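These are the residues of each chain, in order.
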Amino acid sequence: MTKIEFLQALAKGWFGNSQQHSIQAQLLKQRGFGKLADKIMAESDEEWDEAKKVNARLIELGVTPKVELQEYPVFTDVKEMLEYDCKDAAEALPMMSKALAMFEDDYVTRSMIQEFIVDEQDHFNWVRQHLNLMQEIGMENYLIEQLGE
């Protein structure tokens, strides 16, 4: 995979993931899980911004970005949603870390990817913490905690 192909795939993934999280946040909000919905919507907004950063970088590099988004599943089950996010982040982190070597000669892109890695690690840790919380206090108690604004 070339540097440009990697960046295009990253933008496609962020745009798709942003839409996935936006839909899931709306579904959560409709069910009354406002706290969780707000967190997932914030994640959606962050992913949208990351995709825009990648496209801006592609333009700086003289490449016209593609209008694409990666398809992601939408979950109605909260635990399945978080388990999927955990798995997705666990797969993305090594891929992004490995890609840093491709950009040794491009400080701007390398720095951007390093920021993405930190953000993704934070999200992974948050998801894992919430999955552990579900296990510790039970699903019903977890969902009660997520009610409201």
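Coordinates for the structure precede this section.
Residues numbered from 1 in each chain as written. Predicted model: local features only at pLDDT ≥ 70, side-chain atom pairs only at ≥ 80, totals over all residues. Heavy atoms only, no water.

Enquirer: Help me out: how do you make sense of the side chain of His-21 in this one?
Expert: For His-21, the position within the fold is in helix α1 (residues 3-30). A relative accessible area of 1% means that His-21 is categorised as buried. Not counting residues up to four positions away in its chain, the partners in contact with His-21 are Ile-40, Glu-43, Ser-44, Glu-47, Asp-85 and His-123. (Helix = DSSP H or I, 4+ residues; strand = E, 2+ residues; numbered from the N terminus. Buried < 20%, exposed > 50% of the residue type's maximum accessible area, 1.4 Å probe, protein only. Contact = heavy atoms within 4.5 Å.)

Enquirer: Just checking my understanding: could you explain the packing of aromatic side chains for this structure?
Expert: Note on aromatic pairs: each is described by the distance of the centres and the angle between the planes. What the rule picks out here adds up to four aromatic pairs. Pairing Phe-6 with Phe-103 gives two aromatic rings, centres 6.0 Å apart and planes at 50°, and the pair type is tilted. Of this pair, Phe-6 sits in helix α1 while Phe-103 is found in the loop between α3 (78-99) and α4 (107-137), placing the two residues 97 residues apart along the sequence. Comparing Phe-6 with Phe-103, the two get one shared label, buried. Measuring from centroid to centroid gives 5.3 Å for Phe-75 and Tyr-84, while their planes differ by 45°, and the two rings are tilted. Overall, Phe-75 belongs to the buried group, its relative accessible area being 17%. Sitting above the plane of the Trp-126 ring, Lys-39 keeps its charged end 5.1 Å from the centroid. (Phe/Tyr/Trp six-rings, centres within 6.5 Å; stacked < 30°, edge-to-face > 60°. Lys NZ or Arg CZ within 6 Å of the ring centre and 35° of its normal.)

Enquirer: Looking at this structure, how should I read helix α2 (residues 34-60)?
Expert: Each turn of an α-helix holds 3.6 residues, which means side chains three or four residues apart point in the same direction. A rise of 1.5 Å per residue sets the reference length of α2, with its 27 residues, at 39 Å; its end C-alpha atoms lie 39 Å apart and thus fit the reference within 8%. Within two residues after α2, Gly-62 carries a phi angle of roughly 90°, on the positive side. (Expected span 1.5 Å × (residues − 1).)

Enquirer: Mind showing me how you'd approach the nonpolar core here?
Expert: Nonpolar side chains tend toward joint burial in soluble globular proteins. Of all hydrophobic cores here, the largest spans 39 residues; its most connected members are Phe-6, Leu-28, Leu-36, Val-54, Val-78, Leu-82 and Met-96. At the level of elements, α1, α2, α3, α4 and α5 (139-145) are the ones that each hand at least two residues to this core. The contact partners of Val-78, leaving out residues within four places of it in the chain, are Leu-28, Arg-31, Leu-36, Met-134, Met-139, Tyr-142 and Leu-143. (Core = buried A, V, L, I, M, F, W, Y, C linked by side-chain atoms within 4.5 Å.)

Enquirer: What's the story with the side chain of Gln-146 in this structure? I'm lost.
Expert: Secondary-structure assignment places Gln-146 in the segment after α5. If near-sequence neighbours (up to four positions away) are discounted, Gln-146 is found in contact with Gly-32, Phe-33, Gly-34, Lys-35, Leu-36 and His-130.

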